Amino acid sequence: MYRPEIDGLRALAVLPVVLYHAGAPGFGGGFIGVDVFFVISGYLITRLIVNDLEARRFSLADFYARRCRRLLPALCVMLAFCVPAACMWLSGDDAVTFFRSLSWAAALSSNLLFWRLGGYFATSADLQPLLHTWSLSVEEHFYLLYPLVLVWLHRRSARLLGPALLLMTVLSLVAAHWTTPDKPQFSFMLLPTRLWELSFGGWLSLARPARWHGLRRRSMANQVLSCAGVGLLAVAFWRFNASTSHPGLATAVPVAGASLILAFARRGTWIQRVLSHPAPVMIGSISYSLYLWHQPLLAFARHRLVVPPTLPTLLLVCALATALAVATWRWVEQPCRRAHQLALHQWLLLAVVSMSVLMLIGVAGTRASLVRAEEEARRSEMPRLTDAVPRARCDGPGVDHAAHDAPCRLGPADTRLPTTAAVFGDSHSFALAPAFDALAIERGTRIVHQGLEGCPPLLNIDVREGVQTPGTCAAQSTRAFELVQRNRSIRHVFLVARWSLYVDRVTSISGKRRFVVFDPSASDGRQVDARLALHRALESTVAAYAALGVQVHIVEEVPTQRMDMHRLRYRLDRFTTAGSHERAQALELARMPRSEHEAEVRAARALMRAISRPAGVNIVDLTDMLCDVRQCPAYDGEHWLYWDSNHLSTTGALRVLPRLRILM
């Protein structure tokens, strides 16, 4: 039986998601709308399958064909629209990411791709046109496996269904709660830790004991419980944010809210009347298409507009997404749902062919975009970090130097010269390599560099949820220390990193903490306080190098800019003319206020200076070399000082050379 209030609940789920992605204030927890969709999906799909099983008319082929008719036509239209938009408006590097995600989205597995993205060089969430398809992939994986489980259980005993779904819910919730602190990307993106939301909705559709019937007959109880459900959703939408441990126990709040509405917003209740109003029902009817359209339109608007779009502009984009959603619902979704003239096997064949074509477009687009990205890099005066000249002499051309941890001697090519200094660090140390190379040439000595992206150059520490596998960062720091032990001519060690990244910065595409540092020697390896782990690692590292008679210099991180300079450079060249007001405005907005930089590094700076006082360590502050009294520019009128938002270009690195000269 059709329940219009469920469409109203869909509206209550999709609107916060759209407003959250548009950056509207007051919707910091808008992403929770996806969890509401999961509960609704589990509720409806379970009821559908069980009803068909009880009537002895369930067919897997029919189920999959109906899912194809329901989900794939609108998805294919949206994906096809994105292809020409990506070709017109994305830089080569961003187009590579887009076409990769297109292939994975067409394979209904984009959550697996986005699970692995989110490191130093990942496209940020608001610039990912297909990021939202991760949740569709989770649902598709659920639809693929879930009917098989229900059929198997039903054949043994229909009574097993409820307890089995409840057990599934508990086990998945425990897994989500356990993995979210350590593996937030895994927990956020994959089915095993999202299953409990879907299976609880399924259990809810089957759980009909006498006490529930008794509650449903009491109108006041229905009123109170359905209102409580809306209240719980409001709390989640308003109070949740990127720091919320999600999906863990906290996610039970919106799941419970949606469940209370599904169970108790019955005919005659206030909530049922509101949600059954034609306006929310209409929004709920187009909610799938609206969800499909809003993210790519917002992402492409941010790519196309040189000046970051304001909230009113983004809300206009959301209005356009709503119009496209209505059109898609009217002329794509509805006709395909009613198109029964095609046999089941024909629908499945059509789905496979359509998605295969999109996958091939994704593969071909990825290859073409890689070529375009290389061409853009060659034409640019701002070479990418991976093309850093000093490292290229060691690693060879075409190597991703930031992921290459072999030591490299900077300075003169004369191998007879002594190596008197070492530079260790994460990718920021690679960005500073031109400065150390120039310093070594001036001093007539050699400086060895060794680093690995996403790894702080500290002993007795490792990084979870970074870009390296567990244990890699700890092993890298150990090798760096052993290198100094073997080369007693080394008198200076420079430790370079984006230190705030390992203290408290949120960096993942799902808005969760990444690069969480911990002491691998701890019994449980699960320290909550990253600052304490970093403090101890700094102490032990400084002490170890001091015992070798080496002077330690800790280089503070450079200012992080408000925009990615590589993307900004592309937009300025592609969409503006020299001397235009839009160009000048974009360059002005790209400047990082010095006060914001100081606030951003305050916690990490306090840790370093607490270590330096007793240990005689030099803290190398580069702020004065890159900032004036008010701002930290990324472009000086002639040259770009950054190649992205936080890595210096070669020109930018040479700006700090005078500061390094004082130290050697």
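Since the model is a prediction, treat every value here as computed from it, not as a measurement. (Residues numbered from 1 in each chain as written. Predicted model: local features only at pLDDT ≥ 70, side-chain atom pairs only at ≥ 80, totals over all residues. Heavy atoms only, no water.)

(A) View of the confidence of the model for the protein. The pLDDT averaged across the protein works out to 88; a share of 90% of its residues lies at or above 70. In the predicted structure, residues 507-511 sits below a pLDDT of 50 and forms 21 contacts with residues beyond four places in sequence or in another chain. (pLDDT = per-residue confidence, 0-100. Contact = heavy atoms within 4.5 Å.)

(B) Examining the nonpolar core more closely. Counting residues in each nonpolar core, the largest one holds 104 residues, and the members touching the most others are Ile-49, Leu-75, Met-78, Leu-79, Phe-98 and Trp-134. The leading source of residues in this core is helix 3 (residues 60-89), at 13 residues. Those residues within four positions of Leu-75 in sequence are excluded, and the remaining contacts are Leu-108, Leu-136, Tyr-288, Leu-292 and Met-355. (Core = buried A, V, L, I, M, F, W, Y, C linked by side-chain atoms within 4.5 Å. Buried < 20%, exposed > 50% of the residue type's maximum accessible area, 1.4 Å probe, protein only. Helix = DSSP H or I, 4+ residues; strand = E, 2+ residues; numbered from the N terminus.)

(C) Spotlight on the sheet that holds strand 9 (residues 618-620). Across the sheet, 6 strands lie side by side as 1-3-2-5-7-9; this open sheet has mixed pairing. Edge positions in the sheet fall to strand 1 (408-410) and strand 9, since each has one partner strand and no second. Ignoring strand direction, the axes of neighbouring strands in this sheet form an average angle of 25 degrees. Pairing of strand 5 (residues 492-496) with strand 7 (residues 551-555) involves 5 bridges; the strand directions are parallel. For Val-493, the partnering residue across the bridge sits in strand 7 and is Val-552. The strands touched by helix 22 (residues 530-547) are strand 2 (419-425), strand 5 and strand 7; relative to strand 7, the strand with the most contacts, the crossing angle is about 145 degrees. (Pairing = 2+ DSSP bridges. Axes fitted to C-alpha atoms, helices over the stretch in contact; angles between N-to-C directions.)

(D) Summary view of the pairing of strand 2. Among the 7 residues that make up strand 2, 7 are buried, leaving the element largely enclosed by the rest of the structure. For strand 2 and strand 5, the ladder comprises 5 bridges, and the chain directions are parallel. By the bridge assignment for strand 5, Ala-422 is matched with Val-493.

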